[in-house]
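Each chain, written out:
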Amino acid sequence: MASVLVVEDDQFVRSALIRHLTDAAHTVRSVGTALEALREVAHFRFDVVILDLGLPDLDGSEALKMLRGITDVPVIIATARDDETEIVRLLNAGADDYLTKPFSVEHLSARMSAVLRRSRAAGGDAPPEVVLRVGGLSVDPLRRQAELDGVRLDLTRREFDLLAFLAARPGVVVPRKELLAEVWQQSYGDDQTIDVHLSWLRRKLGETAAQPRYLHTLRGVGVKLEPPGGGLPL
(Lines give C-alpha, C1' and ligand atoms only; values in the text may rest on other atoms or scores of the structure.)
Protein backbone atom coordinates (compact mmCIF):
# COMPACT_ATOMS: atom_id res chain seq x y z
CA MET A 1 0.00 0.00 0.00
CA ALA A 2 1.25 3.49 -0.86
CA SER A 3 0.22 7.07 -0.23
CA VAL A 4 -0.50 8.63 -3.63
CA LEU A 5 -1.19 12.20 -4.76
CA VAL A 6 -3.07 12.47 -8.07
CA VAL A 7 -2.65 15.84 -9.82
CA GLU A 8 -5.17 15.86 -12.67
CA ASP A 9 -7.66 18.54 -13.78
CA ASP A 10 -9.85 16.26 -15.92
CA GLN A 11 -12.54 15.14 -13.48
CA PHE A 12 -13.36 11.95 -15.41
CA VAL A 13 -9.71 10.80 -15.55
CA ARG A 14 -9.17 11.88 -11.96
CA SER A 15 -12.14 9.88 -10.68
CA ALA A 16 -11.04 6.80 -12.61
CA LEU A 17 -7.51 7.01 -11.15
CA ILE A 18 -8.81 7.50 -7.62
CA ARG A 19 -11.18 4.53 -7.97
CA HIS A 20 -8.47 2.24 -9.35
CA LEU A 21 -5.83 3.23 -6.78
CA THR A 22 -8.29 2.95 -3.90
CA ASP A 23 -9.39 -0.49 -5.08
CA ALA A 24 -5.70 -1.48 -5.05
CA ALA A 25 -5.57 -0.51 -1.33
CA HIS A 26 -3.62 2.71 -1.83
CA THR A 27 -4.34 5.88 0.15
CA VAL A 28 -5.21 8.62 -2.34
CA ARG A 29 -5.48 12.40 -2.23
CA SER A 30 -6.21 14.38 -5.38
CA VAL A 31 -6.04 17.96 -6.63
CA GLY A 32 -6.70 19.71 -9.93
CA THR A 33 -4.03 22.42 -9.99
CA ALA A 34 -0.26 22.74 -9.59
CA LEU A 35 -0.48 25.16 -6.66
CA GLU A 36 -2.79 22.79 -4.78
CA ALA A 37 -0.26 20.01 -5.44
CA LEU A 38 2.55 22.10 -3.93
CA ARG A 39 0.48 22.74 -0.82
CA GLU A 40 -0.28 19.03 -0.51
CA VAL A 41 3.35 17.87 -0.66
CA ALA A 42 4.33 20.61 1.79
CA HIS A 43 1.89 19.33 4.41
CA PHE A 44 1.56 15.58 3.78
CA ARG A 45 3.94 12.70 3.12
CA PHE A 46 3.41 10.82 -0.14
CA ASP A 47 5.12 7.78 -1.61
CA VAL A 48 4.43 8.81 -5.20
CA VAL A 49 2.86 11.67 -7.19
CA ILE A 50 1.01 11.11 -10.48
CA LEU A 51 1.30 14.43 -12.35
CA ASP A 52 -0.63 15.56 -15.43
CA LEU A 53 1.09 18.22 -17.58
CA GLY A 54 -1.99 20.08 -18.85
CA LEU A 55 -2.94 21.87 -15.64
CA PRO A 56 -5.03 25.06 -15.64
CA ASP A 57 -2.73 27.26 -13.54
CA LEU A 58 0.80 26.07 -14.40
CA ASP A 59 2.19 23.74 -17.02
CA GLY A 60 3.10 20.42 -15.44
CA SER A 61 6.77 20.86 -16.39
CA GLU A 62 6.90 24.01 -14.24
CA ALA A 63 5.02 22.20 -11.50
CA LEU A 64 7.63 19.42 -11.62
CA LYS A 65 10.43 21.96 -11.24
CA MET A 66 8.71 23.51 -8.21
CA LEU A 67 7.99 20.10 -6.68
CA ARG A 68 11.64 19.17 -6.99
CA GLY A 69 12.50 22.32 -5.05
CA ILE A 70 10.66 21.10 -1.95
CA THR A 71 10.56 17.29 -2.14
CA ASP A 72 12.21 14.25 -3.71
CA VAL A 73 9.01 12.19 -3.73
CA PRO A 74 8.87 9.98 -6.86
CA VAL A 75 6.88 11.63 -9.67
CA ILE A 76 5.21 9.77 -12.54
CA ILE A 77 4.18 12.04 -15.43
CA ALA A 78 0.81 11.02 -16.92
CA THR A 79 -0.06 13.01 -20.04
CA ALA A 80 -1.30 12.88 -23.63
CA ARG A 81 1.94 14.48 -24.86
CA ASP A 82 4.16 11.91 -26.59
CA ASP A 83 7.01 14.03 -27.97
CA GLU A 84 10.26 12.16 -27.30
CA THR A 85 12.27 15.35 -26.74
CA GLU A 86 9.75 16.46 -24.10
CA ILE A 87 9.86 13.07 -22.40
CA VAL A 88 13.67 13.13 -22.20
CA ARG A 89 13.63 16.72 -20.90
CA LEU A 90 11.17 15.91 -18.12
CA LEU A 91 13.02 12.77 -17.07
CA ASN A 92 16.23 14.81 -16.88
CA ALA A 93 14.34 17.48 -14.91
CA GLY A 94 13.48 15.03 -12.14
CA ALA A 95 10.53 12.91 -13.25
CA ASP A 96 10.90 9.27 -12.27
CA ASP A 97 8.74 7.83 -15.05
CA TYR A 98 6.47 8.91 -17.92
CA LEU A 99 3.13 7.45 -19.04
CA THR A 100 1.38 8.51 -22.25
CA LYS A 101 -2.43 8.63 -22.21
CA PRO A 102 -4.44 6.55 -22.74
CA PHE A 103 -2.94 3.85 -20.56
CA SER A 104 -4.39 0.84 -18.79
CA VAL A 105 -4.69 0.60 -15.02
CA GLU A 106 -2.44 -2.47 -15.17
CA HIS A 107 0.25 -0.43 -16.91
CA LEU A 108 -0.01 2.29 -14.28
CA SER A 109 0.19 -0.26 -11.47
CA ALA A 110 3.30 -1.84 -12.95
CA ARG A 111 5.03 1.53 -13.36
CA MET A 112 4.09 2.57 -9.82
CA SER A 113 5.43 -0.68 -8.38
CA ALA A 114 8.74 -0.24 -10.21
CA VAL A 115 9.13 3.38 -9.09
CA LEU A 116 8.29 2.50 -5.47
CA ARG A 117 10.77 -0.40 -5.47
CA ARG A 118 13.56 1.89 -6.69
CA SER A 119 12.62 4.60 -4.18
CA ARG A 120 12.52 2.23 -1.20
CA ALA A 121 15.73 0.50 -2.23
CA ALA A 122 17.54 3.84 -2.48
CA GLY A 123 16.25 4.88 0.94
CA GLY A 124 17.46 1.60 2.43
CA ASP A 125 21.17 1.96 1.62
CA ALA A 126 23.38 1.79 4.72
CA PRO A 127 20.57 2.35 7.26
CA PRO A 128 21.61 4.12 10.45
CA GLU A 129 21.72 1.93 13.53
CA VAL A 130 20.94 4.42 16.29
CA VAL A 131 18.32 6.96 17.24
CA LEU A 132 19.73 10.48 17.19
CA ARG A 133 18.98 12.48 20.36
CA VAL A 134 19.45 16.19 20.84
CA GLY A 135 17.87 17.48 24.04
CA GLY A 136 14.19 16.50 23.99
CA LEU A 137 14.38 15.78 20.26
CA SER A 138 14.80 12.21 18.99
CA VAL A 139 15.24 11.27 15.33
CA ASP A 140 15.08 7.67 14.09
CA PRO A 141 16.54 7.64 10.55
CA LEU A 142 15.76 3.96 10.00
CA ARG A 143 12.04 4.29 10.77
CA ARG A 144 11.97 7.91 9.54
CA GLN A 145 10.27 9.08 12.72
CA ALA A 146 10.98 12.12 14.87
CA GLU A 147 9.64 13.09 18.29
CA LEU A 148 9.89 16.21 20.41
CA ASP A 149 9.43 15.66 24.14
CA GLY A 150 7.72 12.35 23.38
CA VAL A 151 5.28 13.81 20.84
CA ARG A 152 5.48 12.53 17.25
CA LEU A 153 6.35 15.22 14.69
CA ASP A 154 4.44 15.23 11.39
CA LEU A 155 7.23 16.03 8.93
CA THR A 156 7.38 15.99 5.17
CA ARG A 157 10.05 13.82 3.56
CA ARG A 158 12.40 16.76 2.97
CA GLU A 159 11.81 18.25 6.41
CA PHE A 160 12.76 14.93 7.96
CA ASP A 161 15.91 14.64 5.80
CA LEU A 162 17.00 18.14 6.82
CA LEU A 163 16.31 17.53 10.52
CA ALA A 164 18.09 14.15 10.49
CA PHE A 165 21.14 15.59 8.73
CA LEU A 166 21.48 18.36 11.32
CA ALA A 167 20.69 16.04 14.25
CA ALA A 168 23.59 13.81 13.20
CA ARG A 169 25.89 16.85 13.67
CA PRO A 170 24.64 18.48 16.90
CA GLY A 171 26.27 21.82 17.65
CA VAL A 172 28.08 21.86 14.30
CA VAL A 173 27.46 24.80 11.97
CA VAL A 174 26.63 23.27 8.58
CA PRO A 175 27.19 25.56 5.57
CA ARG A 176 24.20 26.13 3.31
CA LYS A 177 26.18 24.82 0.36
CA GLU A 178 26.64 21.52 2.18
CA LEU A 179 22.92 21.32 3.00
CA LEU A 180 22.05 21.80 -0.67
CA ALA A 181 24.55 19.14 -1.71
CA GLU A 182 23.70 16.53 0.92
CA VAL A 183 19.99 17.05 1.61
CA TRP A 184 18.77 18.37 -1.76
CA GLN A 185 21.44 16.61 -3.87
CA GLN A 186 22.10 19.89 -5.68
CA SER A 187 25.47 21.51 -6.34
CA TYR A 188 23.84 24.95 -6.36
CA GLY A 189 20.45 26.46 -5.63
CA ASP A 190 18.42 29.22 -4.05
CA ASP A 191 18.99 29.85 -0.32
CA GLN A 192 15.27 30.55 -0.09
CA THR A 193 14.62 26.80 -0.45
CA ILE A 194 16.56 26.19 2.77
CA ASP A 195 14.94 29.15 4.54
CA VAL A 196 11.43 27.91 3.70
CA HIS A 197 12.12 24.44 5.07
CA LEU A 198 13.78 25.85 8.18
CA SER A 199 10.71 28.00 8.74
CA TRP A 200 8.41 24.96 8.47
CA LEU A 201 10.65 22.95 10.80
CA ARG A 202 10.76 25.75 13.37
CA ARG A 203 6.99 25.94 13.41
CA LYS A 204 6.73 22.21 14.06
CA LEU A 205 9.39 22.43 16.77
CA GLY A 206 7.43 25.24 18.46
CA GLU A 207 9.98 27.99 17.87
CA THR A 208 10.65 30.98 15.66
CA ALA A 209 13.70 32.50 13.97
CA ALA A 210 13.56 35.37 16.47
CA GLN A 211 13.34 32.97 19.42
CA PRO A 212 15.13 29.75 18.39
CA ARG A 213 15.37 26.73 20.68
CA TYR A 214 16.95 24.02 18.53
CA LEU A 215 17.55 25.53 15.09
CA HIS A 216 20.04 28.38 14.91
CA THR A 217 20.98 30.28 11.75
CA LEU A 218 24.32 32.05 11.60
CA ARG A 219 23.91 34.68 8.91
CA GLY A 220 26.34 34.22 6.07
CA VAL A 221 27.74 31.01 7.62
CA GLY A 222 25.18 28.22 7.98
CA VAL A 223 22.78 26.39 10.27
CA LYS A 224 23.23 24.33 13.43
CA LEU A 225 20.97 22.23 15.63
CA GLU A 226 21.61 22.05 19.36
CA PRO A 227 19.50 21.55 22.49
CA PRO A 228 18.05 24.54 24.33
CA GLY A 229 20.82 26.13 26.36
CA GLY A 230 23.45 24.70 24.04
CA GLY A 231 24.44 21.89 26.41
CA LEU A 232 25.78 18.94 24.39
CA PRO A 233 26.97 15.59 25.77
CA LEU A 234 30.71 14.91 25.56
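For the structure, check the block above.
In this text, all values refer to a predicted model and were calculated from it rather than measured experimentally.

> What is the right way to look at the packing of helix α2 (residues 34-43) against helix α3 (residues 60-70) in this model?
The angle between the axes and the distance between the axes are what describe a pair of packed helices. Packing of α2 against α3 leaves a shortest axis separation of 10 Å and a crossing angle of 15°. Relative to α3, α2 is oriented roughly parallel. Two packed elements cross with a definite hand, and for α2 against α3 that hand is right-handed. Seen from α2, the contacting residues are Ala34, Ala37, Leu38 and Val41; seen from α3, they are Ala63, Met66, Leu67 and Ile70.

> Looking at this structure, I do not really get the environment of tryptophan 184. What am I missing?
Looking at where tryptophan 184 falls in the secondary structure, it is placed in the loop between α7 (176-182) and α8 (191-204). The class for tryptophan 184 is buried, based on a relative accessible area of 4%. In sequence terms tryptophan 184 and valine 88 are 96 residues apart; their C-alpha atoms lie 22 Å from each other. Leaving out residues up to four positions away in the same chain, tryptophan 184 has contacts with Gly69, Arg158, Leu162, Leu179, Thr193, Ile194 and His197. Only 3.4 Å separates the side chain of tryptophan 184 from the backbone oxygen of glycine 69, close enough to count as a polar contact.

> Please clarify how the nonpolar core should be interpreted in this entry.
The nonpolar side chains of soluble globular proteins are, as a tendency, buried together. One finds Leu137, Val139, Leu163 and Leu179 to be the most contacted residues of the largest nonpolar core, which totals 28 residues. Listed by contribution, the elements that provide at least two residues to this core are β6 (132-134), β7 (137-140), β8 (145-148), α6 (157-167), α7, α8 and β12 (222-225). Per-element accounting of this core gives the leading share, 7 residues, to α6. Sequence-distant contacts of leucine 163, that is, excluding residues within four places in its chain, are made with Leu137, Val139, Ala146, Leu153, Leu155, Leu201 and Leu225.

> Teacher, can you tell me more about α3 here?
For an α-helix, 3.6 residues make a turn, and residues three or four places apart therefore share a direction. Most of α3 sits inside the fold, with 8 of its 11 residues counted as buried. All of the buried residues along α3 are Gly60, Ser61, Ala63, Leu64, Leu67, Arg68, Gly69 and Ile70.

> Would you take a moment to explain the sheet that holds β12 for this structure?
For sheets, the rule is that strands pair by backbone hydrogen bonds, running either parallel or antiparallel. With antiparallel pairing, the 3 strands of this open sheet are ordered in space as β10-β12-β11. In this open sheet, the two strands that pair with only one neighbour each are β10 (174-175) and β11 (215-218). Note that β10 and β12 share 2 bridges and pair antiparallel. Counted as the bridge partner of valine 174 is valine 223 from β12. Strands β10, β11 and β12 of the sheet are contacted by α6, whose axis makes an angle of about 75° with β12.

> What am I meant to see in the sheet that holds β7 here?
The antiparallel open sheet is built from 4 strands, whose spatial order is β6-β7-β8-β9. Looking at strand neighbours, the two that pair on one side only are β6 and β9 (151-152), the edges of this open sheet. Taken together, the 3 bridges between β6 and β7 define a ladder with antiparallel strand orientation. Across the sheet, leucine 132 pairs through a bridge with valine 139, a residue of β7. Across the sheet, α6 lies against β6, β7 and β8, angled at about 110° from β7, the strand it touches most.

What counts and how
Residues numbered from 1 in each chain as written. Predicted model: local features only at pLDDT ≥ 70, side-chain atom pairs only at ≥ 80, totals over all residues. Heavy atoms only, no water. Axes fitted to C-alpha atoms, helices over the stretch in contact; angles between N-to-C directions. Helix = DSSP H or I, 4+ residues; strand = E, 2+ residues; numbered from the N terminus. Parallel < 35°, antiparallel > 145°, perpendicular 65-115°, else oblique. Left-handed = near helix turned anticlockwise from the far one by under 90°. Contact = heavy atoms within 4.5 Å. Buried < 20%, exposed > 50% of the residue type's maximum accessible area, 1.4 Å probe, protein only. Polar contact = N/O pair within 3.5 Å; in protein donor to acceptor, adjacent residues only side chain to side chain. Core = buried A, V, L, I, M, F, W, Y, C linked by side-chain atoms within 4.5 Å. Pairing = 2+ DSSP bridges.

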